[in-house]
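Next come the chains, spelled out residue by residue.
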Amino acid sequence: MSDRKIINDPVFGFINIPKGLLYDIVCHPLLQRLTRIKQLGLSSAVYPGAQHTRFQHSLGAFHLMSETIKHLTAKGNFIFDSEAEAVQAAILLHDIGHGPFSHVLENTLAGGVSHEEISLMLMERMNKDMKGQLNLAIQIFKDEYPKKFLHQLVSGQLDMDRLDYLRRDSFYTGVSEGNIGSARIIKMLDVKDDHLVVESKGIYSIENFLMSRRLMYWQVYLHKTSVACEKMMISTLTRAKELALRGVELFASPALRFFLYHPIDKKEFYKNPDCLENFIQLDDNDIWTALKVWSNHSDVVLSTLSRGMINRRLFKVEVASSPITRQRKEEILSRISKQLNINKKEANYFLSTSSIENNMYKKEDDSIEIIYKDGSTRDIAKASDMLNISLLSRKVKKYYICYLRSENDGH
């Protein structure tokens, strides 16, 4: 029997998974569920290649974590085998609580429960199955372990999650700006006073990483069509839930039905074990199957939205630097209610306004420290000659308005 499994990954090549706890996690039904959830949700409406899954991302982050541990120990940082295994387990499991179109779900079906909270609930549950083998991984994940730099590797400015998703999302979308030098960054990492630091000769790789992250946010994650798509999905599920709670019969898989026909908030999610049981059964397929059937529903709002999602007839989006006026909103709502022969309240499902903020680097979150040959450290914002602090942490705010196109308006 070989003592490891090898998986061929299009981004990083061969990934080694040692037999034992880590391989058991990869084979666990809760991690396998992530093979049925797309990493970028609805972004394939813009980038047709973005079909990769959260499972692929988890494996990639695990691979980078294995590489990082190798480099950190080679530099004389002492990491026990048990700690290495635990931090690898933590990164494999960091996204386990994502539902289909994760932020859409957080806003509609499971109100107010974040995927991080669900991840922790699922880890605790797996830990029971595995007779406490995940105790250390959970401690690191919750930042309750004495070696703080291990938590930074799972969740921090330069964590393996970010290093994988920027590289992977860039690969699958074809947006080359996101292609960061993850191998170089990992080679430059070190630990000083229990804090991750970057060797000064890696400063350009870090600048590139921060720029790439900003570009990927505007070009991929917050692309206006992706935003429109997400708003449409939120409207569709909100309408479905409204009808369900009114007693209207809707087609849905048992797991989706549970979330549609029960009002679920954070308190309920923690109190009622059925919430987690049904959540585990939910993936992208439940939603798409329902949308196909809802496309022919007698409710005009639900069927129009569902058809739009299935046939990619998406909301029109406009981006502005100031908020949308009330008068403009009223004009659009009047047009939509006339167009679909519905009342103003229902027309609101076809109009969404929001603002989105993004900045590259927040020192308060977790600073990126550069270490020099003499052992002194400086924050990247001070150490960089290219990116000054005001540029790095400047917030950019954009206002979006998404609405149903008029009948003579093309795609």
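Everything that follows concerns the structure shown earlier in this document.
Residues numbered from 1 in each chain as written. Predicted model: local features only at pLDDT ≥ 70, side-chain atom pairs only at ≥ 80, totals over all residues. Heavy atoms only, no water.

Peer 1: I'd like to hear about the overall build of the protein, residue by residue, with values.
Peer 2: In terms of regular secondary structure, the protein is built from 21 helices and nine strands. Against the globule reference of 22 Å for 411 residues, the protein gives a C-alpha radius of gyration of 23 Å, in line with a compact fold. Considering only C-alpha atoms, the protein reaches an extent of 70 × 50 × 35 Å along its principal axes. Considering the protein as a whole, with its 411 residues, one finds that 56% of them fall into the buried category. When contacts within the protein are restricted to residue pairs at least 6 apart in sequence, long-range pairs at least 24 apart make up 70% of them. By element, 51% of the accessible surface of the protein is carried by carbon and sulfur atoms, the whole surface being about 18,400 Å². Averaging the locations of the 55 positively and 50 negatively charged side chains of the protein gives two centres separated by 5 Å. (Helix = DSSP H or I, 4+ residues; strand = E, 2+ residues; numbered from the N terminus. Rg over C-alpha atoms; globule rule 2.2 N^0.38 Å. Buried < 20%, exposed > 50% of the residue type's maximum accessible area, 1.4 Å probe, protein only. Contact = heavy atoms within 4.5 Å. Areas by Shrake-Rupley, 256 points an atom, 1.4 Å probe, with all protein chains shown as cover. Lys, Arg positive; Asp, Glu negative; His and termini not counted. Charge placed at Lys NZ, Arg CZ, Asp CG, Glu CD.)

Peer 1: So what's going on with the sheet that holds strand S8 (residues 377-379)? Residues and values would help.
Peer 2: In space, the four strands of this open sheet follow the order S3-S4-S7-S8, with mixed pairing throughout. Each edge of the open sheet is held by one strand with a lone partner, namely strand S3 (189-192) and S8. For this sheet, the mean inter-axis angle between neighbouring strands, taken without regard to orientation, is 45 degrees. As defined by bridge partners, S3 adjoins strand S4 (residues 195-199) across four bridges and the pair is classed as antiparallel. Directly across from Lys192, in S4, lies its bridge partner His195. (Pairing = 2+ DSSP bridges. Axes fitted to C-alpha atoms, helices over the stretch in contact; angles between N-to-C directions.)

Peer 1: An account of unusual backbone geometry is requested, with residue identities and associated values reported.
Peer 2: Phi is mostly negative for residues that are not glycine, and the peptide bonds are mostly trans. Residue Asp193 is not a glycine yet carries a positive backbone phi of 50 degrees. Mapped onto the secondary structure, Asp193 falls in the loop between S3 and S4. The phi dihedral of Asn341 is positive, around 60 degrees, even though this residue is not glycine. When you line up the elements, Asn341 lands in the loop between helix H18 (326-340) and helix H19 (344-347).

Peer 1: Can you break down the packing of helix H13 (residues 254-261) against helix H16 (residues 284-294) residue by residue, with the values?
Peer 2: Contact geometry of H13 with H16 gives a least axis separation of 9 Å together with a crossing angle of 75 degrees. On the basis of the axis angle, H13 is roughly perpendicular to H16. Listed contacts from H16 to Ala255, Leu256 and Leu260 of H13 are Asp286, Ile287, Ala290 and Trp294. Residues of the contact of H13 with H16, tallied by class, amount to six nonpolar, no polar and one charged. (Parallel < 35°, antiparallel > 145°, perpendicular 65-115°, else oblique. Nonpolar A, V, L, I, M, F, W, Y, C, P; charged D, E, K, R; others polar.)

Peer 1: Which residues make up the layout of surface pockets, and what are the values?
Peer 2: Size it by volume and the largest pocket reaches roughly 1,400 Å³. His98, His103, His115, Tyr165 and Tyr217 are, among the 44 residues lining the largest pocket, the residues nearest its centre. The set of elements that each furnish at least two residues to the lining of the largest pocket consists of helix H3 (54-74), helix H5 (102-107), helix H6 (115-129), helix H8 (148-154), helix H9 (160-173), helix H11 (203-221), helix H12 (224-245) and strand S6 (351-358). Sorting elements by how many residues they give to the lining of the largest pocket places H12 first, with five residues. Among the residues making up the lining of the largest pocket, the classes are represented as 15 nonpolar, 16 polar and 13 charged. (1 Å grid on protein atoms, 1.4 Å probe; cavity = no way out; pocket = protein on both sides within 12 Å on 5 of 7 lines; lining within 4 Å. Points joined across faces, edges and corners; volume = space filled by probe spheres on them.)

Peer 1: Can you lay out empty space enclosed by the protein for me, pointing to particular residues and giving the numbers?
Peer 2: This model, assessed by the stated rule, comprises two cavities of 30 Å³ or more. Considering only enclosed or pocket space, the second largest cavity measures out at about 50 Å³ in volume. Elements with a minimum of two residues in the lining of the second largest cavity: H5 and H6. A per-element tally of the lining of the second largest cavity places H5 first, with three residues.

Peer 1: Describe in detail the nonpolar core, supporting the description with residues and values.
Peer 2: Judged by nonpolar contacts, the single largest core of 138 residues is most densely connected at Ile25, Leu134, Met160, Phe269, Trp294 and Phe350. At 10 residues, the largest contribution of residues to this core is made by H12. Residues within four places of Phe269 in sequence aside, it is in contact with Ala110, Val113, Ile118, Met121, Phe259, Ile264, Cys275, Leu276 and Phe279. (Core = buried A, V, L, I, M, F, W, Y, C linked by side-chain atoms within 4.5 Å.)

Peer 1: Which residues make up the environment of Tyr204, and what are the values?
Peer 2: Looking at the secondary structure, you find Tyr204 in helix H11. A relative accessible area of 57% places Tyr204 in the exposed class. Residues Tyr204 and Asp385, 181 residues apart in the sequence, show an inter-C-alpha distance of 9.8 Å.

Peer 1: Can you lay out the packing of H3 against helix H4 (residues 81-92) for me, pointing to particular residues and giving the numbers?
Peer 2: Each pair of packed helices can be summarised by the angle the axes make with each other and by the distance between the axes. In contact at an axis separation of 8 Å, H3 and H4 are set at 155 degrees when each is read in the N-to-C sense. What the angle tells us is that H3 and H4 run roughly antiparallel. Note that H3 runs across H4; the crossing there is right-handed. Where H3 abuts H4, its residues Ser58, Leu59, Ala61, Phe62, Met65, Ser66 and Ile69 lie against Ala84, Val87, Gln88, Ile91 and Leu92. Counted by class, the contact of H3 with H4 contains nine nonpolar, three polar and no charged residues. (Left-handed = near helix turned anticlockwise from the far one by under 90°.)

Peer 1: For the side chain of Glu199, give the residues involved together with the corresponding values.
Peer 2: Residue placement: Glu199 occurs in strand S4. Apart from the residues lying within four places of it in its own chain, the contact partners of Glu199 are Lys75, Lys187, Met188, Ile370 and Ile371.

Peer 1: An account of H16 is requested, with residue identities and associated values reported.
Peer 2: Of the positions making up H16, those classed as buried are Asp284, Asp286, Ile287, Ala290, Leu291 and Trp294. Along the axis of H16, the buried residues cluster in a sector spanning 165 degrees; they form a single face. Taken together, the buried residues of H16 touch H12, H13, helix H15 (273-281) and helix H17 (300-310). The opening residue of H16, the one whose side-chain oxygen lies 2.9 Å from the backbone nitrogen of Asn285, is Asp283. (Arc of directions from axis to C-beta. Polar contact = N/O pair within 3.5 Å; in protein donor to acceptor, adjacent residues only side chain to side chain.)

By themselves, these are just geometric observations and shouldn't be taken as functional.
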